[in-house]
Amino acid sequence: MAYTCSASTNADMIHLLGVARLWTSARVGQAMNRTDREHYVGRDNASVAYVDRPIGIGHGVTISAPHMHAIMLQELEPWLTPGANVLDVGSGSGYLSVAMAMMVSEGNAAGRCVALEYIEPLMRQSMLNIRADGKQSLMDNGTLVLLTGDGWAGVPSLAPFDAIHVGAAAVEIPQALVSQLKPGGKMVVPVGAQDQGQVLTEVVKDHMGKVTTRSLMGVRFVPLVRSSPFE
Ligand code: SAH
């Protein structure tokens with residue numbers, strides 16, 4: 001997916017993404033409007049916070065481009081309902097976890113977003129980002145649970161999940177995550193090796209537990225690493 005825009009405020013950037021129909025649900029627009037990207041890109045990158053491209057945030061990792069955040073939220077929107085239990089694998093900067101947490105807690109619903117990241121310092125930085133964005137209360141009241149751990153394993157103790165977002169490219173669909181998906185749930189995961197074309201893949205589990213996969217579009221993500229410290 002290639003799309004690029006540049007704006008001077010968060011609101012203008014989200015507006016442009018909406019004009020380009022990268023999000024169509026008002027709930028997605030609202031969640032992105034309430035999550036200010038400036039707080040998630042790192043202080044040195046503040047001047048390019050509203051440019052639609054991925055930005056390095058240290059540890060060889062990037063915060064995804066805003067259009068990719070919009071696409072992911074839009075794909076999952078019907079599953080990010082108030083009260084839902086959802087998982088964000090490879091949470092990095094924390095941006096998408098916050099947007100997901102706000103959607104599942106709309107109207108003070110007791111939804112929960114579990115954010116899973118394997119680089120501990122990045123996880124700690126994401127907590128500072130979230131605080132700087134004025135979203136400390138999401139962590140305090142348990143709406144947003146940040147965990148350090150391996151995305152290939154997921155979080156069985158807090159499963160099953162209505163929706164799972166994977167923010168890094170997996171060489172194959174992580175089966176542990178499929179098994180942690182609720183019947184009726186949906187996962188979006190970039191699949192493919194670094195040197196090959198990666199495909200954003202939808203994994204849907206029906207109410208009988210039958211799993212169906214579908215390719216959505218070509219994408220480019222950092223790898224969901226296998227040799228994590230948790231193996
Ligand atoms: N949605 C995030 C994407 C960050 S990039 C954002 O926009 O900020 C992908 C993230 O996946 C990185 O932070 C990386 O450290 C993390 N990651 C890679 N392999 C992982 C694994 N096996 N388990 C958990 N997180 C992983």
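Residues numbered from 1 in each chain as written. Predicted model: local features only at pLDDT ≥ 70, side-chain atom pairs only at ≥ 80, totals over all residues. Heavy atoms only, no water.

A. Focus on the pattern of salt bridges. Applying the stated criterion across every chain, the model contains nine salt bridges. Across the salt bridge formed by Glu 120 and Arg 124, the nearest N and O atoms sit 3.2 Å from each other. Taken together, the residues span about one helical turn, with Glu 120 and Arg 124 both in helix H5 (residues 120–132) at a distance of four residues. The exposure class assigned to Glu 120 is partly exposed, which follows from its relative accessible area of 38%. Between Lys 182 and Asp 162 there is a salt bridge whose closest N-O contact spans 3.1 Å. Residue Lys 182 is located in strand S7 (residues 181–191), and its partner Asp 162 is located in strand S6 (residues 161–166); the two are separated by 20 residues in the primary sequence. Judged by relative accessible area, Lys 182 falls into the partly exposed class, the value being 28%. Through salt bridges that share partners, Glu 75, Lys 186, Glu 202 and Arg 214 make up one connected network. (Salt bridge = Lys/Arg side-chain N within 4 Å of Asp/Glu carboxyl O. Helix = DSSP H or I, 4+ residues; strand = E, 2+ residues; numbered from the N terminus. Buried < 20%, exposed > 50% of the residue type's maximum accessible area, 1.4 Å probe, protein only.)

B. How the structure looks around unusual backbone geometry. Pro 160 follows Ala 159 through a cis peptide bond whose omega is 5°. Mapped onto the secondary structure, Pro 160 falls in the loop between strand S5 (144–148) and S6. Positive phi values are uncommon outside glycine, yet Asn 108 reaches one of about 65°. Mapped onto the elements, Asn 108 comes out in the loop between helix H4 (95–104) and strand S4 (112–117). Note on Asn 108: relative accessible area 78%, which makes it exposed.

C. Highlighting the layout of surface pockets. By volume, the largest pocket is sized at about 750 Å³. Around the largest pocket sit 44 residues that line it, and Thr 62, Ser 64, Gly 167, Phe 221 and Val 222 are the ones nearest its centre. Put simply, the parts of the chain that give the lining of the largest pocket at least two residues each are strand S2 (62–63), helix H3 (66–76), strand S3 (85–89), H4 and S4. In this model, the second largest pocket occupies a volume close to 260 Å³. Split into classes, the residues belonging to the lining of the second largest pocket amount to six nonpolar, seven polar and two charged. (1 Å grid on protein atoms, 1.4 Å probe; cavity = no way out; pocket = protein on both sides within 12 Å on 5 of 7 lines; lining within 4 Å. Points joined across faces, edges and corners; volume = space filled by probe spheres on them. Nonpolar A, V, L, I, M, F, W, Y, C, P; charged D, E, K, R; others polar.)

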